[in-house]
Amino acid sequence: MDGRESALREEIVRVMVAMNARGLNRGASGNVSARLGEGMLITPTGVPPAELTPAHVVLVGPDGQWPAEGLRPSSEWQMHEGILRGRSDVNAVVHCHSRHATILACAGREIPPMHYMVAMAGGASVPLAPYATFGSSELADAVVQALGGRNAALMANHGLIALGPSLSRALAIAEEVEEQAAVYWGTLAIGGPTLLSDREMTKVLDLFKTYGQTRVGGA
Ligand SMILES: [Zn+2]
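On a predicted model such as this, the values are computed, not experimentally measured, just so you know.

K.L.:
Looking at this model, I keep getting lost on the coordination of the zinc ion. Mind explaining?
P.N.:
Six octahedral donors around a metal ideally make angles of 90 or 180 degrees; four tetrahedral donors ideally make 109.5 degrees. The coordination sphere of the zinc ion contains the protein donors His95 (NE2), His97 (NE2) and His158 (NE2), at a distance range of 2.1 Å. Look at where the donors of the zinc ion fall in the sequence and you get H-x1-H-x60-H. Taken together, the residues His97 in the loop between strand S4 (92-96) and helix H3 (99-106) and His158 in the loop between strand S6 (152-155) and strand S7 (159-164) connect sequence positions 61 residues apart.

Structure representation (structure tokens):
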């Protein structure tokens, strides 16, 4: 194992612990992956963050195989693999069942352009991927298709997925989408949001590109 693999394993554990600490996830649900060469590192199935160690993280090869010894990868490994395969701009994927994103996902709603920070997910809205059974290749396909070129999507009757060039960025997007989901949910209790125009959201998306990856959210 080289230094990069060790560092990624440690970072994946940190992200899982952070998701729990920040209320994005509970128990053993949720999973995190990062690209490593032609394959990926991904959290194992059924291990709560408090018990997770870097050695538990599973290396899945480009052929979809993992070592016979050690733990099995997350049941959602095909979803992570499909995203990483199709998006050369993405190196990390975070999936969680954060409360407000999941409320919207269970109500069959996407997040509309009601706050400029919605654009952090890479579009004027956060799309909703149609429902398919957890861990299925149908779910993987539905999520890849709903994402298109964007960085986050809600998953109907399930949760949230966020991606980025790095683990820290993917986590930051997941946190922001959960916050936007909470705000949208709140507006629905008082008559619904006032939406921003396509023109304004296009302007914000352009500004976010100019700001660069690390500065987004500073405004
Ligand atoms: Zn899930």
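After presenting the structure, the write-up continues.
K.L.:
I keep staring at the packing of aromatic side chains and nothing clicks. Help me out?
P.N.:
The relation between two aromatic rings is expressed through the spacing of the ring centres and the mutual angle of the planes. Taken as a whole and assessed by the stated rule, the structure comprises 2 aromatic pairs. Measuring from centroid to centroid gives 5.5 Å for Trp66 and Trp77, while their planes differ by 70°, and the two rings are edge-to-face. Residue Trp66 is found in the loop between strand S3 (58-60) and helix H2 (77-86), and its partner Trp77 is found in helix H2; the two are separated by 11 residues along the sequence. Accessibility expressed as a relative area gives 18% for Trp77, which makes it buried.

K.L.:
Please clarify how the pattern of salt bridges should be interpreted in this entry.
P.N.:
Oppositely charged side chains can form a pair if their charged atoms are brought close together. Following the criterion strictly, the structure yields 6 salt bridges and no others. For Arg9, the salt bridge is made with Glu5, and the minimal N-O distance between the two is 3.0 Å. You can see Arg9 and its partner Glu5 sitting in helix H1 (residues 3-21), 4 residues apart, about one turn around the helix. For Glu5, a relative accessible area of 11% translates into the label buried.

K.L.:
What should I look at first to understand the pairing of S4 in this one?
P.N.:
Consecutive side chains along a regular strand alternate between the two faces of the sheet. The buried fraction of S4 amounts to 5 of the 5 residues, a majority that puts the element mostly inside the structure. Of the two faces of S4, the one carrying Ala92, Val94 and Cys96 and the one carrying Val93 and His95 are both buried. Here S4 runs beside S7; their pairing, made up of 5 bridges, is antiparallel. Looking at the pairing, Ala92 lines up with Gly164 of S7.

K.L.:
Mind showing me how you'd approach the pairing of strand S2 (residues 39-42) here?
P.N.:
Alternating residues of S2 divide into Gly39 and Leu41 and Met40 and Ile42, and every residue in both groups is buried. Taken together, the 4 bridges between strand S1 (residues 31-36) and S2 define a ladder with antiparallel strand orientation. The residue bridging Ser33 from the neighbouring strand is Ile42, located in S2. Once S1 ends, the chain turns through 2 residues before running back antiparallel as S2, passing Gly37 with a positive phi of about 60°. Summarising the sheet, S2 and S3 pair through 3 bridges and their orientation is antiparallel. Bridge assignment links Leu41 to a residue of S3, and that residue is Leu59.

So, how was this worked out
- Residues numbered from 1 in each chain as written.
- Predicted model: local features only at pLDDT ≥ 70, side-chain atom pairs only at ≥ 80, totals over all residues.
- Heavy atoms only, no water.
- Donors = N, O, S within 2.8 Å, 3.2 Å for Na, K, Ca; no water.
- Helix = DSSP H or I, 4+ residues; strand = E, 2+ residues; numbered from the N terminus.
- Phe/Tyr/Trp six-rings, centres within 6.5 Å; stacked < 30°, edge-to-face > 60°.
- Buried < 20%, exposed > 50% of the residue type's maximum accessible area, 1.4 Å probe, protein only.
- Salt bridge = Lys/Arg side-chain N within 4 Å of Asp/Glu carboxyl O.
- Pairing = 2+ DSSP bridges.

Scope: geometric values only; no functional claims are made or implied.
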